[in-house]
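Here is what each chain is made of, one letter per residue.
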Amino acid sequence: MKIFWILVQYEWRHFRAAKGLVVLTGLVLLVGLYGIYYGTTELARQRQHLAELPALARHNVEELKTKFPEPADAGEIGYYHTTFAVHHPLPWAGLSLGQRDVNPYYVKLRLLGLQGQLYAAENVNPTKMLSGNFDLAFVLVYLFPLLIIALCFNLLSSEREQGILPLLLAQPVSAGVVVGAKLTFRVGLVLGLAWLLSAVAMGWARVPLDGRVGLWLALVTVYCLFWFGVAFIVTAWQRPSAFNAVALVGVWLLLLVLVPGLLNVYVAAKRPVPQGIELTVKQREQIHGGWDKPKAETMNRFFALYPQWRDTATIKERFVWRWYYAFQHLGDQSVQPLAAAYSTGLRQRYELVETLNWLSPAINVQTSLNALAGSDLPTHLAFQQSVVRYHDALRAYYYPFLFNKTPFAHADYAREPTHTFTSTSETPTAVQGLWKLLLSTGVVGTVGLLLFRARPIQPR
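Note that the structure is a prediction, hence the values are computed from the model and not measured. (Residues numbered from 1 in each chain as written. Predicted model: local features only at pLDDT ≥ 70, side-chain atom pairs only at ≥ 80, totals over all residues. Heavy atoms only, no water.)

Considerations on the packing of aromatic side chains
Then, in step 1: Tallied over the full model, the rule gives 44 aromatic pairs.
Then, in step 2: Ring geometry for Tyr 105 and Tyr 106: centres 5.7 Å apart, planes at 65 degrees, overall edge-to-face.
Then, in step 3: Looking at Tyr 106, the relative accessible area reads 24%, which means it is partly exposed.
Then, in step 4: Ring centres 5.1 Å apart and planes at 75 degrees place the aromatic pair Phe 408 and Tyr 413 in the edge-to-face group. (Phe/Tyr/Trp six-rings, centres within 6.5 Å; stacked < 30°, edge-to-face > 60°. Buried < 20%, exposed > 50% of the residue type's maximum accessible area, 1.4 Å probe, protein only.)

Some remarks on the layout of surface pockets
Then, in step 1: Considering only enclosed or pocket space, the second largest pocket measures out at about 440 Å³ in volume.
Then, in step 2: As for the second largest pocket, its lining consists of 23 residues, and the residues nearest its centre are Pro 54, Ala 57, Thr 83, Tyr 390 and Thr 418.
Then, in step 3: For the lining of the second largest pocket, the elements supplying multiple residues, two or more each, are α2 (19-67) and β1 (83-88).
Then, in step 4: The leading source of residues in the lining of the second largest pocket is α2, at 9 residues.
Then, in step 5: When its residues are assigned to classes, the lining of the second largest pocket shows 12 nonpolar, 7 polar and 4 charged. (1 Å grid on protein atoms, 1.4 Å probe; cavity = no way out; pocket = protein on both sides within 12 Å on 5 of 7 lines; lining within 4 Å. Points joined across faces, edges and corners; volume = space filled by probe spheres on them. Helix = DSSP H or I, 4+ residues; strand = E, 2+ residues; numbered from the N terminus. Nonpolar A, V, L, I, M, F, W, Y, C, P; charged D, E, K, R; others polar.)

Considerations on the sheet that holds β1
Then, in step 1: Taking strand neighbours across the sheet as the criterion, the 3 strands line up as β2-β1-β3 in an open arrangement whose pairing is mixed. Pairing within the sheet leaves two strands with one partner each, and these edge strands are β2 (106-109) and β3 (421-422).
Then, in step 2: Seen against the sheet, α2 touches β1 and β2 and runs at an angle of roughly 165 degrees to β1. (Pairing = 2+ DSSP bridges. Contact = heavy atoms within 4.5 Å. Axes fitted to C-alpha atoms, helices over the stretch in contact; angles between N-to-C directions.)

Structural notes on the UniProt feature "transmembrane region" (unreviewed entry) in the protein chain
Then, in step 1: Mapped onto this numbering, the UniProt entry gives "transmembrane region" (unreviewed entry) at residues 20-39, 136-157, 188-207, 213-234 and 246-269.
Then, in step 2: Counting secondary structure, residues 20-39 comes out at 100% helix and 0% strand; the distance between its end C-alpha atoms is 28 Å. (UniProt positions renumbered as here; feature names shortened; annotations may be inferred.)

Some words on the pattern of salt bridges
When charged atoms on two side chains of opposite charge get close, those side chains can pair.
Then, in step 1: Within the structure shown, the criterion is met by 7 salt bridges.
Then, in step 2: A salt bridge links Glu 62 to Lys 65; the shortest N-O distance between them is 3.8 Å. Separated by 3 residues within a single helix, Glu 62 and Lys 65 lie in helix α2, roughly one turn from each other.
Then, in step 3: In this structure Glu 62 comes out as partly exposed when scored by relative accessible area, which is 47%.
Then, in step 4: Ionic pairing is found between Asp 210 and Arg 212, a salt bridge with its closest N-O pair at 2.7 Å.
Then, in step 5: Looking at Asp 210, the relative accessible area reads 32%, which means it is partly exposed.
Then, in step 6: The network of salt bridges with shared partners includes Glu 11, Lys 182 and Arg 186. (Salt bridge = Lys/Arg side-chain N within 4 Å of Asp/Glu carboxyl O.)

Shown next as structure tokens:
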């Protein structure tokens, strides 16, 4: 054991002498700190934006009070009044932004048709979509494997190529002890860096110190050990350093670029999903067509959905607000099957990816960290469903004013329903991802040990 720790100390001195590795490790540290800064700053920007929305809503109310003095027509209020459905993040989202910088985190709502408002916000900057988010999760998932490759591609091959390995093995030490000491130092260095960045990020984001901290560290640790296992397999083949480097980079490209790309193509083909813009266009076509349909036909279709308003007065005027909001809602109903297919299709895609993510530990870890941070797709879909329920509550609040011809008083603004939605951690998804990752790491480690025993270390 004493020789083992002497070898570990030698690896430390060798690392300090290798200026390139020191610079690379320092660069990864700086990039990790920037990822923390970017993620937490983006989350703070979103929170600041959400905090400003109530003031905007109050300003809108004050303008309407001036524009429409009491008693006001509820139809005019519903048309011009703006309210917001907001999606508050967890502190963990600063570590793994997931879908939060792609999908809208609030929806601006009026009493008009919902679908056009709900999915119109899905248009995002394509440059942003291309570059993606840059946070600590990105650094850990994509860049840490490259650091491990840089540290391990010449784990034994450099000593062999420099003629040091025969002298080393001539000492009373086994090849297993040599490899174990080298891996121990490198594992300690990488995990220390990963834990340091995670601790800084958790402190910076002020995450609650609960079981999710251990789950995050477990995912990061096992993921790094997986890549050390891959490096161990390549080392066991006892090939030159150049071959090892190419092989490890090839595995990185396979698991982080090729497999995710192919998986994306497969999932898109297997689970086709209509675009949100299709919902918006079809709904608008239905609403615009409502102007040309007989009022009696429109109202009869509406009363079939809401029979409690059937006994209200027959519409004889050229325009009344209750007729207008009736065909707005019928426009939503016309695209309801498409909206359900859209939501169901997205969820099925996510579930299919969850089923197949064992093919790429990178996808597995990324989805697990997003689930832990409450920034994954199911959370966004849950937010959208909460917006649907909120819009239903708004309609239920305004309909008595519209169909009973009740004047809308200024005090009625304060009685309107409000909305709030806060992300929750999908802990079961993250735990399931951890078990898959443990299995992958165990397989890789076992293969490496079998190869190491089957191919004894040769000095030359």
